[in-house]
Amino acid sequence: MASIWEYANPLKFMRTTDWLLPVVALAAVIVTATGLIWGFFFTPDDFRQGATVKIVFLHVPAAMMAINAWVMMLVASLVWLIRRHHVSALAAKAAAPVGLIMTLIGLITGAVWGQPMWGTWWAWDPRLTSFLILFLFYLGYLALWAAIDDPDTGADLTAVLCLVGTVFAVLSRYAAIFWNQGLHQGASLSVAPGTRMDWAYKAPLYVSMTGFGLIFLALVLAGTRTEIRARRMKALVARERMA
Amino acid sequence: MIALLTRDLRLALRAGGGFGLGLAFFLILAVLVPLGVGPETQTLARIAPGILWVGALLACLLSLDRIFALDFEDGSLDLLATAPVPLEAVVSIKALAHWITTGLPLVLVSPVLGLLLFLPGESYGWLIVSLLVGTPALSVIGTFGAALTVGLKRGGLLLSLLVLPMYVPTLVFGAEVVSRGAQGLSIGTPLALLAGITAGAVALLPFASALVLRINLR
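Since the structure is predicted, the reported quantities are computational estimates derived from the model, not experimental observations.

Let us now look at the interface of chain B and chain A. Every contact between the two is made by 20 residues of chain B and, on the other side, 21 residues of chain A. Counting residues per element, the ones that place at least two in the side of chain B that touches chain A are helix 7 (124-148), helix 8 (155-183) and helix 9 (188-217) of chain B. Of the residues forming the side of chain B that touches chain A, the biggest block, 10 residues, is contributed by helix 8 of chain B.

Okay, the confidence of the model for chain B next. On average, residues of chain B score 86 in pLDDT, and 98% of them reach the 70 mark or higher. If you check the scores for this complex, the pTM reads 0.88 and the ipTM reads 0.87.

A separate point is the nonpolar core. Taken as a class, soluble globular proteins show a tendency for nonpolar side chains to be buried jointly. Grouped together as the largest cluster of nonpolar side chains are 138 residues, with contacts concentrated most on Ala69 and Ala95 of chain A together with Ile141 of chain B. Among residues more than four places away in sequence, those in contact with Ala69 of chain A are Ala95, Val98, Gly99, Met102 and Phe216 of chain A.

Okay, the environment of Thr120 of chain A next. Positionally, Thr120 of chain A belongs in the loop between helix 3 (86-118) and helix 4 (126-147). A sequence separation of 29 residues divides Thr120 of chain A from Ala91 of chain A, and the C-alpha atoms of the two residues are 37 Å apart.

Turning next to the packing of helix 7 of chain B against helix 9 of chain B. The geometry of a pair of packed helices is captured by two quantities: the angle between their axes and the separation between those axes. Residues and elements named next belong to chain B. At a closest axis distance of 8 Å, the pairing of helix 7 and helix 9 adopts a crossing angle of 20°. As summarised for this structure, helix 7 and helix 9 are arranged roughly parallel, according to the angle between their axes. Judged by the twist between their axes, the crossing of helix 7 over helix 9 is left-handed. Grouping the constituent residues of the contact of helix 7 with helix 9 by class yields 18 nonpolar, 6 polar and no charged.

All names here are of chain B. Under the 1.5 Å per step criterion, the end-to-end length of helix 3 (residues 41-62) is 29 Å for 22 residues, consistent within 8% with the ideal 32 Å. The largest bend along helix 3 reaches roughly 50° and is located at Ala48, with the proline Pro49 sitting one to four residues downstream. For helix 3, the complete set of buried residues consists of Ala48, Pro49, Ile51, Leu52, Trp53, Gly55, Ala56, Leu57, Ala59, Cys60 and Leu61. In this structure, the buried residues of helix 3 make contact with helix 2 (21-37), helix 6 (87-116), helix 7 and helix 8.

Moving on: unusual backbone geometry. A positive phi is found at Arg84 of chain A, a non-glycine position, where the angle reads about 55°. The topology assignment puts Arg84 of chain A in the loop between helix 2 (56-83) and helix 3. Phi at Phe118 of chain B is positive, roughly 55°, even though this residue is not glycine. Checked against the element boundaries, Phe118 of chain B lands in the loop between helix 6 and helix 7. Given 18 C-beta atoms within 10 Å, Phe118 of chain B falls into the partly exposed group.

Residue and element names in this part refer to chain B. It is at 11 Å that the axes of helix 3 and helix 6 come closest, and there the two elements cross at 150°. Comparing the axis directions of helix 3 and helix 6 gives the class roughly antiparallel. Between helix 3 and helix 6 lies a crossing whose hand is right-handed. Residue-level inspection shows Ala48, Leu52, Ala56, Ala59 and Cys60 of helix 3 in contact with helix 6, the latter providing Thr102, Gly103, Leu106, Ser110, Leu113 and Gly114. Partitioned by chemical class, the residues of the contact of helix 3 with helix 6 number 7 nonpolar, 4 polar and no charged.

Conventions adopted
Residues numbered from 1 in each chain as written. Chains lettered and ligands numbered in written order. Predicted model: local features only at pLDDT ≥ 70, side-chain atom pairs only at ≥ 80, totals over all residues. Contact = placed C-beta atoms within 7 Å. Helix = DSSP H or I, 4+ residues; strand = E, 2+ residues; numbered from the N terminus. pLDDT = per-residue confidence, 0-100. Core = buried A, V, L, I, M, F, W, Y, C linked by C-beta atoms within 7 Å. Buried ≥ 20, exposed ≤ 12 C-beta atoms within 10 Å, placed from the backbone. Axes fitted to C-alpha atoms, helices over the stretch in contact; angles between N-to-C directions. Parallel < 35°, antiparallel > 145°, perpendicular 65-115°, else oblique. Left-handed = near helix turned anticlockwise from the far one by under 90°. Nonpolar A, V, L, I, M, F, W, Y, C, P; charged D, E, K, R; others polar. Expected span 1.5 Å × (residues − 1). Bend = angle between axes of the 7 residues up to and from the residue.

Next up, the structure:
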């Protein structure tokens, strides 16, 4: 019976991703291109927002992956702390920069859309605020990884930071909701995605969300492979020195 | 444990330590803001709760790296880790000492600074209450950050990057209590949430801090 824990073995992981990574990468390119081209060129303009509505095909998938990347890091950190599988810690490390960039894409596309629609690049809306805070958490996580030399200590400390950070990120999200409603009128700036959307938009949006998920998977696999190779190189150099 | 507390307090008060530094910083901030924003009473009164809370946050941050750094350098942290007292308790005591030397003085001088910033009269009580309830969380969260970065050469900047995002909920609810108090609204909800964050942080975070401290001492 094959179990997922088999892939905790770096050798097995490398062998599987040898063929899996190109497949996922290719699928990511095809699906994302399909979703974006479909979304940008083959959907009608919205009767009120015009063509600006089409940025949703970048914005929503990026925002979704920004959150999912953190959740994936949380799970990987837990696996590392509990079962001490190195591949898991390296996958968490590889996911962080991707999540950071996804958060950035979400924020930038949101600003680009908000300028013509709300008349402002930025508003202290709860969603926007909590995304900015998520961005800061990603920065802190990456900075901690970068600051520590010993790989195992780094993995341990960042894993604990990820766990504690998750609690505070969630708290901040609800604090932001509370804060904005407390100070300003409940501005309905955020349009809930997907709820009242026509299928003409929904279908390409789902395709592009799938594409972004595949991009994330491909990048994380590639990043993890790089980390594993870097570890092997370090081990080889150390062995050379010993001999 | 009490010996450890008195030792930490004595070190902070005597050895040219961080005591007073945070307070001075808090004062300077309260002087600089009107200079930057302009002396209009209305404007200052409106932003005073936020400024005071942000100031308290930053003043707390200043002395965080001292919590473990000195003990780590001279090796007494290793002794504490092997002492019969559990490391979780040591961490809590360290946080308590930090709060007594940084958080409590901030609470005590905050009304004076509120005066400088024309804080509306009704909210002085809430300012003190919210700081009293909220600053322990700042110390405990900060202790976690200090434990994370204890072994690093240039941990100071990294420490602020790690700790400040975690201060967001405390800041939001703390400042909310004061500004609601200033407007004469009910402050029950934010105060309860603020107290909840403090209670949760005080109860749970020492375990995480002790865990990362053990990793760092490995």
